[in-house]
Amino acid sequence: MKNLPSLTVSARASPNTQNGSLPSLLTDLETDEDTQTKLVTDNPSLENSWREIHGSTDWAGMLDPIDPLLRSELIRYGEMAQACYDAFDFDPFSKYCGSCRYNRRHFFEELGMSGCGYDVTRYLYATSNLSIPNFFKKSHWEKTWSQGANWIGYVAVSGDETSARIGRRDIVIAWRGTVTRLEWVADLMDFLKPVNSKGIQCPDPDVKIESGFLTLYGEKDGSCRFCKYSAREQVLAEVKRLVELYVKKRGEEVSISITGHSLGSALAMVSAYDLAETGARGECPVCVFSFSGPRVGNGRFKERFEKDLGLKALRVVNVHDSVPKVPGVLVNERVNEALRKLVDRLLPWSYCHVGVELALDHKKSPFLKETSDPACFHNLEAHLHLLDGYHGKGEKFMLVTGRDPALVNKACDFLKDDHLVPPYWRQDENKGMIRNGEGRWIQPERPWPEDHPHHIHIHLHLQQLGLNPDKCLTQFDASSNREITIIFFFAFSLFTSFLFSDFIN
């Protein structure tokens, strides 16, 4: 396994400077006129501007040219999403495969991010019968920590010192995406389903979300102690607990920031919508910082998300990445509105992006090489690198924060070879094996994964939201006429392509 996560690599550390044997990539390039690095000398305060960063003005005038503070915040939230990948144990030879590698109380410290100023309050777990390649991982060991659960993310809250600096108490929800390959794009894409058919309260049956996302978000397994509550129930209960603690009891101002990459971005959108629809957020503003996410719902979902519920979403995408272009390749937000609404009523394949898009182009970076590998275009570290050098459309690419470009190659092969940064370099020392007292190489033991803190309060919080935590989510059953539907879909696709080619993405 050549791309296993390491134990202690900092999100901002260079692999070349840790042993002093090689200069960092930035040091090599600081004198290069074409790839010069501008370092930030002053850090504007978030205390008085966090609402604009959080989307109160829909980022008007902040994207082109990009606001420096917005850039740094996007990178910060992106690193919190990246932490989901770096902490995930996906080694099938580990008895803990599918879990988080670290105890939540030392999560950021173990990842070299102790200075981020947040504390993890809950780990999130999910279960699924869906076929999602490289999302759900299982161990080869029979006596594993869980047969049906996977760690899927976390909830964290800013500490007192950080809260004072950023002007509010910030609750962060970070969702994990797929580890490497992109097969889930084809395997998970299915039909739009009304959100209220999946247990999410919504007065409008025309609000629809892709059924696979809903199932992953809402499915649970009563026989598994990690998934006796769905990911949905875990998030709703924890956010409600934190809102009651910091808003109702302490009278603080609180924001809810949700982040995720790839499939994790879809879960971020769904959870943001759910927090608002159920009222778990209270009066707290909710914003999604999405990285390379697919479309999630239909046009009515977009309207309810943005207009009715007042949610904000900023989507960071690479224009060469295919994932943000699905589902809804044929009928999407770029199609004539009248046609889209007509299709929206007739067929379950009309999708719309929500929020505001920040489009980046990896071909602008002089650090990245030409490649046809779609996984490179989709890579989260590559997106953070592009953010670091983006100043606006048509502006020269220049790195700003001092973030090491070598991080791009942690889990892909995207940097130019002459930078001498090996691909897939982020690994455990000796693949995690250690010598025991007898000199034998073994896998070390580590604390058993924690299931659900504050367990006695989960039922109470969910019941206060009008939910029944003892009720299992009904599984999505494909229509018995699926084959006929698919044939009709392709016929409709050809018809639409012919008549409305000017409107199709």
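Residues numbered from 1 in each chain as written. Predicted model: local features only at pLDDT ≥ 70, side-chain atom pairs only at ≥ 80, totals over all residues. Heavy atoms only, no water.

The protein chain goes by Fungal lipase-type domain-containing protein in an unreviewed UniProt entry, where it is assigned to Acorus calamus. Within the UniProt record for the protein chain, the comment given under Sequence similarities (unreviewed entry) is "Belongs to the AB hydrolase superfamily. Lipase family." UniProt, in the comment section headed Subcellular location (unreviewed entry), describes the protein chain in these words: "Plastid, Chloroplast". (UniProt positions renumbered as here; feature names shortened; annotations may be inferred.)

A count of helical and extended segments in the protein chain gives 15 helices and 11 strands. Out of the 505 residues belonging to the protein chain, those deemed buried represent 57%. A total accessible area of about 21600 Å² is found for the protein chain, and carbon and sulfur atoms account for 51% of it. (Helix = DSSP H or I, 4+ residues; strand = E, 2+ residues; numbered from the N terminus. Buried < 20%, exposed > 50% of the residue type's maximum accessible area, 1.4 Å probe, protein only. Areas by Shrake-Rupley, 256 points an atom, 1.4 Å probe, with all protein chains shown as cover.)

Moving on to the pairing of strand S6 (residues 254-261). When a strand is regular, its side chains alternate between the sheet's two faces. Taken across its 8 residues, S6 has 8 buried, putting it largely inside the fold. The alternating pattern of S6 places Val254, Ile256, Ile258 and Gly260 on one face and Ser255, Ser257, Thr259 and His261 on the opposite face, and all of these are buried. In this structure, strand S3 (residues 169-175) lies alongside S6, joined through 7 bridges in parallel fashion. Across the sheet, Val172 pairs through a bridge with Ser257, a residue of S6. With 6 bridges connecting them, S6 and strand S7 (residues 286-291) associate as parallel partners. (Pairing = 2+ DSSP bridges.)

Of all hydrophobic cores here, the largest spans 69 residues; its most connected members are Phe107, Phe108, Tyr118, Trp151, Tyr154, Leu358 and Leu387. Formed by 61 residues, the second largest nonpolar core is a distinct cluster that contains Val157, Leu182, Cys202 and Ile458. (Core = buried A, V, L, I, M, F, W, Y, C linked by side-chain atoms within 4.5 Å.)

Across the sheet, which stays open at both edges, the 7 strands sit in the order S1-S2-S3-S6-S7-S8-S9 with mixed pairing between neighbours. At either end of the open sheet lies a strand with only one pairing partner, and these are strand S1 (118-126) and strand S9 (356-360). Strand-to-strand twist of the sheet, defined as the mean angle between neighbouring strand axes without regard to direction, takes the value 15°. Relative to the sheet, helix H3 (residues 68-86) contacts S1, strand S2 (150-158), S3, S6, S7, strand S8 (312-318) and S9, its axis offset from that of S3 by approximately 50°. Each of S1, S2, S3 and S6 is contacted by helix H8 (residues 231-249), which is oriented at about 155° to S1, the strand it contacts most. (Axes fitted to C-alpha atoms, helices over the stretch in contact; angles between N-to-C directions. Contact = heavy atoms within 4.5 Å.)

For the structure on display, the rule yields 16 aromatic pairs. Ring centres 6.2 Å apart and planes at 65° place the aromatic pair Trp175 and Tyr217 in the edge-to-face group. Of the two residues, Trp175 sits in strand S3 while Tyr217 sits in helix H7 (residues 211-218), which places them 42 residues apart along the sequence. The exposure class assigned to Trp175 is buried, which follows from its relative accessible area of 1%. One cation-aromatic arrangement involves Arg176 over Phe88; the distance from NZ or CZ to the ring centre is 3.8 Å. (Phe/Tyr/Trp six-rings, centres within 6.5 Å; stacked < 30°, edge-to-face > 60°. Lys NZ or Arg CZ within 6 Å of the ring centre and 35° of its normal.)

Turning to the pairing of S2, a few remarks are in order. Counting buried positions over the 9 residues of S2 gives 9, a clear majority of the element. For S2 and S3, the ladder comprises 5 bridges, and the chain directions are antiparallel. Within S3, the position partnered with Ala156 by the bridge is Val172.

Packing of H3 against helix H13 (residues 380-389) leaves a shortest axis separation of 10 Å and a crossing angle of 165°. In terms of orientation, H3 lies roughly antiparallel with respect to H13. Crossing hand, H3 versus H13: left-handed. Contact with H3, carried on its side by Arg71, Leu74, Ile75, Gly78, Glu79, Ala81, Gln82 and Tyr85, involves Leu380, Glu381, Leu384, Leu387 and Asp388 of H13 and no other residues of that element. Grouping the amino acids of the contact of H3 with H13 by side-chain chemistry returns 7 nonpolar, 2 polar and 4 charged. (Parallel < 35°, antiparallel > 145°, perpendicular 65-115°, else oblique. Left-handed = near helix turned anticlockwise from the far one by under 90°. Nonpolar A, V, L, I, M, F, W, Y, C, P; charged D, E, K, R; others polar.)

Over its 19 residues, H8 extends 26 Å from the first C-alpha to the last, a length consistent with the 27 Å expected when each residue adds 1.5 Å. Burial analysis of H8 places 15 of its 19 residues in the buried class, the great majority of the element. Gly251 lies just past H8 and shows a positive phi near 70°. (Expected span 1.5 Å × (residues − 1).)

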